[in-house]
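Here's the letter readout for the chains.
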Amino acid sequence: MQKFEKLTGLVMPLDRANVDTDAIIPKQYLKSIKRTGFGPSLFDDWRYLDPGEPGMDHSQRRVNPGFVLNQPRYGGAQILLARDNFGCGSSREHAPWALMDYGFRVIIAPSYADIFYNNSFKNGLLPIVLDRAAVDQLFRETEAMPGYRLTLDLAAQTVTTPAGKVFKFEIDAFRKHCLLNGLDDIGLTLQHVDEIRAYEARRRKEAPWLFTS
Amino acid sequence: MAEKTLYDKLWDAHVVRHNDDGTSLLYIDRHLVHEVTSPQAFEGLRLAARKPWRVDANLATADHNVPTTDRARGIADPVSRLQVETLDRNCHDYGITEFGMHDARQGIVHVIGPEQGATLPGMTVVCGDSHTSTHGAFGALAFGIGTSEVEHVLATQCLILKKANNMRVRVEGKIPPGITAKDIVLAIIGRIGTAGGSGHAIEFAGNAIGQLSVEGRMTVCNMAIEAGARAGMIAVDEKTIEYFRGRPYAPKGELWDRAVLTWRGLTSDPDAKFDKEVALNAADIKPQVTWGTSPEMVVPVDGAVPDPDQEADSVKRGSMQQALKYMDLKPGTPMRAISLDKIFIGSCTNSRIEDLRAAAAVVKGKKVAANIKLAMVVPGSGLVKAQAEKEGLDKIFREAGFEWRAPGCSMCLAMNADRLEPGERCASTSNRNFEGRQGAGGRTHLVSPAMAAAAAITGHFVDVREL
């Protein structure tokens, strides 16, 4: 997993609630057996005016100039500012893969869907929760000021605006630790092989039907 | 000892270790695998030179990409075909049982698990699919996971998790005639919203839930995720136990008796504490139809499309306006006045035998309306299809003008060839009405199987109880 420590990056506002994973990366791209290459299809239905299919040259497609991602002032954005319940819907990890592949490293929203939130951490994408008032303020400032950049400090758990206003955010200690160090969960779990085996031995006695098929 | 919820009991029974940071290592009894979310996990396993921890805990099937017509000819789309073949190869290489595309037992992963008795009360069940919550219907702790977690379960048989909060949704009173599990769960989502269960495991309780069949309970738990809860669950009762008797993977003989004794304890203690409680009265629930692009955008069939100007919250108002634009609907339009292009009866929400029986009962002796371009029934599994054919349901559907298809996820998410064209409007028994879900530009209205069948016959929404 990619490490995350600090970042100062351009912010792109996506002013809709309940952005679902079908909107983040439509189903036709889920046929891929890879983890990469989803960036050009991020927000496909909103971003392009013509229908997209896997394998096509997306640079030749008709872009929707009205969609925020296509506005030149947000080119190269690394921080996505979003509304409530971002990432609702399916468990597809292709959603964080597409956001990362496009270049986003951070999302800021008042809330996230549980599975998306969890999947993001597994990929080094940092989903920050700030309260609605703070998010409203960031939307106003981002839209008012071209080139608006925020500074994220994971160790300090802070978001700092260009004017120097600091917002603190909460994050689970375990997730923070993994993200700061780029740790692989599987490696961590395999440090407890003996405990897993002991659990299995006990369960085989208590509930042997769980081990018969 | 403190009184425990069903979720507390399931959680506690599966904790391998408590970590200092508040997470736990949780043991997973059953891992269901399908072609879409597993290839990168198997690749990760291979790259790290790891082996599956417990091969026999896994059961795989191809469901999302499989064609529902002419299956003998294989998959036409080479990208879909490669994904299904990749699953076949991974299962073969690692010795994992797979019900492949041509196996009579193949079907939607959430239909075949219970059907085989491969998912059982008291188990932890995971799958790289958000609708894994379905399996909570029989007192299991079941939830969807991402591909990194699929790899984690393959490699370790465990997940690192933080326990969710407890939420209870009680539905009390006698379920009125013509009201189904789908109407109940849509009414719940309409009440609590699409994020109403975020951060919680929902237990559905109350005597109305008890009146539902185990299949109906699966419909309710299936859509827990549409209310934001990763896991939905229902306590075990005698119906649950009878449902599993004699299923291929269910325990037999003395083991069955022992299992049943354990399963009977899978209920919340009477004084168990919930962090959040919601109650609905079954008598108030009417047939439900969604009007927008989120499952919470739902009204009774005798209602009308709501007016965003009446919504005080500006973010919600914006969502409603976007939804109306996408759905091409005007505020105040009666739901009954909405005419349809396509009808889809299927998906892990509503493709079990009882769903097909309910739809067939409405359709019997009638014809699909002239304005319906396509009405299709996609059974949830090969065994559901065979059972329906034994009962003559396929004939009823065909004579009415429905297409009778082979099992799979089909037009619930349109990864195979079954999809809506831009602008087409569909009455669908699936679970998500998101923009583009059933095909780019397609418009989805979620309903029960009986309501979808009624809409097929009349060409527009109608209260199935008046048909």
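Residues numbered from 1 in each chain as written. Chains lettered and ligands numbered in written order. Predicted model: local features only at pLDDT ≥ 70, side-chain atom pairs only at ≥ 80, totals over all residues. Heavy atoms only, no water.

Q: Before we go on, may I ask you to explain the environment of Leu212(B) in this structure?
A: All names here are of chain B. Looking at the element boundaries, Leu-212 is found in the loop between helix H7 (207–211) and helix H8 (214–222). By relative accessible area, which is 8% here, Leu-212 ends up buried. Residues Leu-212 and Ala-337, 125 residues apart in the sequence, show an inter-C-alpha distance of 31 Å. For Leu-212, the residues in contact, after removing those within four places along its chain, are Ile-175, Ala-181, Ile-184, Arg-217, Val-220 and Lys-239. (Helix = DSSP H or I, 4+ residues; strand = E, 2+ residues; numbered from the N terminus. Buried < 20%, exposed > 50% of the residue type's maximum accessible area, 1.4 Å probe, protein only. Contact = heavy atoms within 4.5 Å.)

Q: I would appreciate a short explanation of the interface of chain A and chain B in the present structure.
A: In this assembly, 60 residues from chain A lie in contact with 80 residues from chain B. Both sides of the chain A and chain B interface together cover about 5,700 Å² of buried area, and 55% of this is carbon and sulfur. When the buried area of chain A at its contact with chain B is split by residue, Lys31(A), Ile33(A) and Trp209(A) rank highest and sum to 14% of it. Inspection of the chain A/chain B interface yields nine salt bridges. At the surface where chain A touches chain B, the tally comes to 36 residue pairs in polar contact (both at pLDDT 80 or more). Those elements giving two or more residues to the side of chain A that touches chain B turn out to be helix H2 (44–47), helix H3 (94–102), helix H4 (114–121), helix H6 (173–181), helix H7 (185–189) and helix H8 (193–206) of chain A. Broken down by element, the side of chain A that touches chain B gets its largest block of residues, ten residues, from H8(A). (Buried area = accessible area lost by both parts, 1.4 Å probe. Salt bridge = Lys/Arg side-chain N within 4 Å of Asp/Glu carboxyl O. Polar contact = N/O pair within 3.5 Å; in protein donor to acceptor, adjacent residues only side chain to side chain.)

Q: Can you help me understand the pattern of salt bridges in this one?
A: Side-chain pairs of opposite charge can arise where the charged atoms are in close proximity. For the coordinates displayed, the defined rule picks out 44 salt bridges over all chains. Lys31(A) is the partner of Asp77(B) in a salt bridge, and the nearest nitrogen-oxygen pair spans 2.7 Å. You can see Asp77(B) sitting in the loop between strand S4 (58–61) and helix H3 (78–94) and its partner Lys31(A) sitting in the loop between helix H1 (21–24) and H2, one on each of two chains. On the basis of relative accessibility, which here comes to 3%, the residue Lys31(A) falls in the buried class. Note that Arg398(B) is salt-bridged to Asp394(B), the shortest N-O span being 3.6 Å. On the criterion of helical spacing, the pair formed by Arg398(B) and Asp394(B) is a turn pair, its members being four residues apart in helix H14 (residues 393–400). Under the relative-accessibility criterion, Arg398(B) is labelled partly exposed at 48%. Asp394(B) gets classed as buried once you look at its relative accessible area, which sits at 9%. Connected via shared salt-bridge partners are Asp15(A), Arg83(A) and Asp136(A).

Q: How should the UniProt feature "domain: Aconitase A/isopropylmalate dehydratase small subunit swivel" (unreviewed entry) in chain A be read in this particular structure?
A: Here, UniProt's "domain: Aconitase A/isopropylmalate dehydratase small subunit swivel" (unreviewed entry) annotation points to residues 1–132 of chain A. Helix makes up 20% of residues 1–132 of chain A and strand makes up 14%, while its end C-alpha atoms are separated by 30 Å. (UniProt positions renumbered as here; feature names shortened; annotations may be inferred.)

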